[in-house]
Amino acid sequence: MSDSVPPVTEPSASGEPSANQKPSANREQWSSRLVFVLAATGSAVGLGNIWKFPYITGEFGGGAFVLIYLICIASIGIPIMMAEIMLGRRGRQDPVTTMKRLAKESGHSRAWGLLGWMGVIAGFLILSYYSVIAGWAMAYVPQMASGTFTGLDAQAVNTVFSTLVGSPETLIAWHSLFLIMTMTVVARGVRGGLEKAVTYLMPMLFVLLVILIFYAMGTGHFAVGLSYLFNPDFSKITTEGVLSAMGHAFFTLSLGMGAIMVYGSYLPDNTSIAKAAFAVAFMDTLVALLAGMIIFPIVFANSLEPGAGPGLIFKTLPLAFGQMNYGTFFGTLFFILLVFAAWTSSISLIEPAITWSMKTFQISRIKASVISGILVWLMGLLTVFSFNITSDFTISSIISTRYGEFVILKDATAFDFLDYLTSNIMLPLGGLMIAIYAGWLMKKDYSRDELEISRFWYAIWSILVRYVAPVMVIIVFLNAMGVVAFVRSIMSA
Ligand code: TRP
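Residues numbered from 1 in each chain as written. Predicted model: local features only at pLDDT ≥ 70, side-chain atom pairs only at ≥ 80, totals over all residues. Heavy atoms only, no water.

> Could you clarify how one ought to interpret the overall build of the protein in this entry?
Across its full length, the protein holds 19 helices and two strands. Computed over the C-alpha atoms, the radius of gyration of the protein is 22 Å, within 12% of the 23 Å expected from 2.2 N^0.38 for a compact globule of 493 residues. When the backbone C-alpha atoms are referred to their principal axes, the protein occupies close to 65 × 60 × 45 Å. Looking at the protein as a whole, 60% of its 493 residues are labelled buried. For the protein, contacts bridging at least 24 residues in sequence account for 81% of all contacts bridging at least 6. When the accessible surface of the protein is split by element, carbon and sulfur atoms take 66% of a total near 19,100 Å². Counting 28 positive and 26 negative side-chain charges, the protein places the averaged centre of each group 10 Å from the other. (Helix = DSSP H or I, 4+ residues; strand = E, 2+ residues; numbered from the N terminus. Rg over C-alpha atoms; globule rule 2.2 N^0.38 Å. Buried < 20%, exposed > 50% of the residue type's maximum accessible area, 1.4 Å probe, protein only. Contact = heavy atoms within 4.5 Å. Areas by Shrake-Rupley, 256 points an atom, 1.4 Å probe, with all protein chains shown as cover. Lys, Arg positive; Asp, Glu negative; His and termini not counted. Charge placed at Lys NZ, Arg CZ, Asp CG, Glu CD.)

> Sorry if this is basic, but what is going on with empty space enclosed by the protein here?
In this structure the tally under the stated criterion is five cavities of 30 Å³ or more. Along the wall of the largest cavity there are 13 residues; nearest its centre are Ser-43, Ile-126, Phe-251, Ser-254 and Leu-349. Those elements giving two or more residues to the lining of the largest cavity turn out to be α1 (33–44), α5 (113–145) and α14 (327–361). In terms of residue count, α14 provides more of the lining of the largest cavity than any other element does, three residues in total. Looking at the lining of the largest cavity, its residues break down into eight nonpolar, five polar and no charged. (1 Å grid on protein atoms, 1.4 Å probe; cavity = no way out; pocket = protein on both sides within 12 Å on 5 of 7 lines; lining within 4 Å. Points joined across faces, edges and corners; volume = space filled by probe spheres on them. Nonpolar A, V, L, I, M, F, W, Y, C, P; charged D, E, K, R; others polar.)

> What exactly am I supposed to notice about the pattern of salt bridges here?
Any two side chains of opposite charge can pair, so long as their charged atoms come close to each other. A complete count under the given rule lists five salt bridges for this structure. Two residues, Arg-89 and Glu-450, come together in a salt bridge whose shortest N-O distance is 2.9 Å. Remark: Glu-450 occurs in helix α17 (residues 444–451) and Arg-89 occurs in helix α3 (residues 63–91); sequence separation between them is 361 residues. Glu-450 carries the same exposure label as Arg-89, and that label is buried. Measuring nitrogen to oxygen at the nearest pair gives 3.2 Å for the salt bridge that ties Glu-450 to Arg-90. (Salt bridge = Lys/Arg side-chain N within 4 Å of Asp/Glu carboxyl O.)

> Explain the side chain of Ser-167 here, please?
Among the secondary structure elements, Ser-167 is positioned in the loop between α6 (154–165) and α7 (168–187). Within the local environment of Ser-167, its side chain forms a polar contact with the side chain of Thr-170, the two groups lying 2.5 Å apart. (Polar contact = N/O pair within 3.5 Å; in protein donor to acceptor, adjacent residues only side chain to side chain.)

> Looking at this structure, I do not really get helix α15 (residues 365–386). What am I missing?
It helps to recall that an α-helix has 3.6 residues per turn; residues three or four apart then point in one direction. Taking 1.5 Å of rise per residue, 22 residues should cover 32 Å, and α15 covers 32 Å from first to last C-alpha, within 8% of that figure. Of all the residues in α15, the buried ones are Arg-365, Ala-368, Ser-369, Ser-372, Gly-373, Val-376, Gly-380, Leu-381, Thr-383, Val-384 and Ser-386. (Expected span 1.5 Å × (residues − 1).)

> Can you walk me through the layout of surface pockets in this structure?
Over the atoms, a rolled probe matching the size of one water molecule traces out where space is still vacant. Counted as a void, the largest pocket has a volume near 680 Å³. In terms of lining, the largest pocket is formed by 31 residues, of which the most central are Tyr-55, Glu-59, Pro-310, Phe-415 and Asp-416. Those elements that place two or more of their residues in the lining of the largest pocket are α2 (47–59), α6, α10 (239–252), β2 (404–412) and α16 (414–441). When grouped by side-chain class, the residues that make up the lining of the largest pocket number 14 nonpolar, nine polar and eight charged.

> I keep staring at the site of the ligand and nothing clicks. Help me out?
Surrounding the ligand, one finds 17 residues, the nearest of these being Ala-44, Gly-48, Tyr-130, Phe-251 and Ser-348. Between an oxygen atom of the ligand and a main-chain N or O atom of Ala-44, the distance comes to 2.9 Å. Phe-251 places a main-chain nitrogen or oxygen 2.8 Å from a nitrogen atom of the ligand. Protein chains shield 100% of the accessible area of the ligand, which is 360 Å² for the free molecule. Here the ligand is seated within the largest cavity. Every element with two or more residues in the shell around the ligand is listed here: α1, α2, α5, α10 and α14. Of the residues belonging to the shell around the ligand, the class tally is nine nonpolar, eight polar and no charged. (Near = heavy atom within 4 Å. Sits in = over half its atoms within 2 Å of the grid points.)

> Looking at this structure, I do not really get unusual backbone geometry. What am I missing?
If you check the backbone angles, Ser-303 has positive phi at about 50° while not being a glycine. Position of Ser-303 relative to the elements: it lies in the loop between α12 (273–301) and α13 (312–323). Of the residues examined, Ser-303 reaches a relative accessible area of 67% and is grouped as exposed. The backbone of Gln-362 sits at a positive phi, close to 50°, despite the residue not being glycine. Mapped onto the secondary structure, Gln-362 falls in the loop between α14 and α15.

> Before we go on, may I ask you to explain the nonpolar core in this structure?
A general trend in soluble globular proteins is that nonpolar side chains are found buried together. Core analysis: the largest hydrophobic core is formed by 172 residues, its most contacted members being Leu-87, Trp-136, Phe-314, Phe-334, Phe-335 and Trp-461. When residues of this core are assigned to their parent elements, the largest contribution, 20 residues, is made by α5. If we ignore the near neighbours within four places in the chain, the residues touching Leu-87 are Thr-98, Met-99, Leu-102, Met-261, Ile-434, Tyr-437, Ala-438 and Met-442. (Core = buried A, V, L, I, M, F, W, Y, C linked by side-chain atoms within 4.5 Å.)

Put into structure tokens, the structure is as follows:
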């Protein structure tokens, strides 16, 4: 990535505490928009793109799910991302304080602070399982490097994966290591190292994905894979699929919980929020689609099951690396880069909780990091065990009405439940509140001032954030609760 912008390693005002609060990261600023875009891309691109997107696409049947996901990115994700960055830059605090302060500024209730609160909790819950999955990726690094997968067939690769997730001790060890890595960076203040990691490692990850695309083209099933991804078959989509596509749009862009708000709070005043949001969304979507275009040809070439669940990339990619030239090298590098991508994301998941707890309890960044790290670690055990000891302990929740059955959750383990609760409920709810606040309650002068876009684009953004995004989120929610089918059946009666 070439940059013509000033040196980007240090935020311009770092180490300059503000007058009215403890020295904290809040007043630091990114040195340019490029740095913000890099950091936000680092947050956005992660396990969500490479691990989660392919497996949920497989679970929900392919093309139709992908199309809905893309529509959600464009019509909900990008406008809400602009709103979230904008609120962050105007508030320049942790999400809770930002929301309270903005609400006060425009004469609304301090209860808006609850939005920040929900974000702090969502980030916390997401990190608890994110760290466990990142641990899987870490566990694959030595496996790859030692050539375990060379020449293995699908069956044997499956066994390697099942052995890994079947061992709570191993999972706990990697989960611990990943969290220590994350909390170390967080404890030292977010920027600096992070920026460098994103500048060099992200492009490398991208190059590796392109290499894998060439491999996928050689499997003889590339066209089948593409058609699975891009040929929508709406008969396959369920209400849960629609909800998940929307939830994933929030998850993958890191929206709805204050992460992007915190990053936006470091954004210098004179940079274009719209361009930054577009750039981040574009790169994020590109990486996800590339991942899908790699995974599905491998799936079909080896007669695997697209709906294999969270293990999908761990069962497919090793097959590719096991067969290709220099596969040991590329495979090792790939999983290292995946861990890095997860790392830059996990930092942003916990950052809202850190800035908030530092301020609320008047504790140092280090103390806040240690305490949060321990709590996240404990919470993560739920996910660890849901793949082995407690894998049979599941819950389902089904609403049956005269008009049909609405499956909200089916055979969900603790991990499934946490994922569902955060991605499908908390993030869209947070996003909805952000859209309503930015679109309806914030004074137009403020938002126009912050966004600095032409009248035309401001009008478009306004429509999206006031009407389109909130209405879509609400309809998808109502749909998932069975209300839409209920109304439809009444109308046709
Ligand atoms: N977007 C990241 C991914 O796709 C995960 C993530 C980081 C996230 N920060 C977030 C998700 C904040 C929701 C909210 O892997």
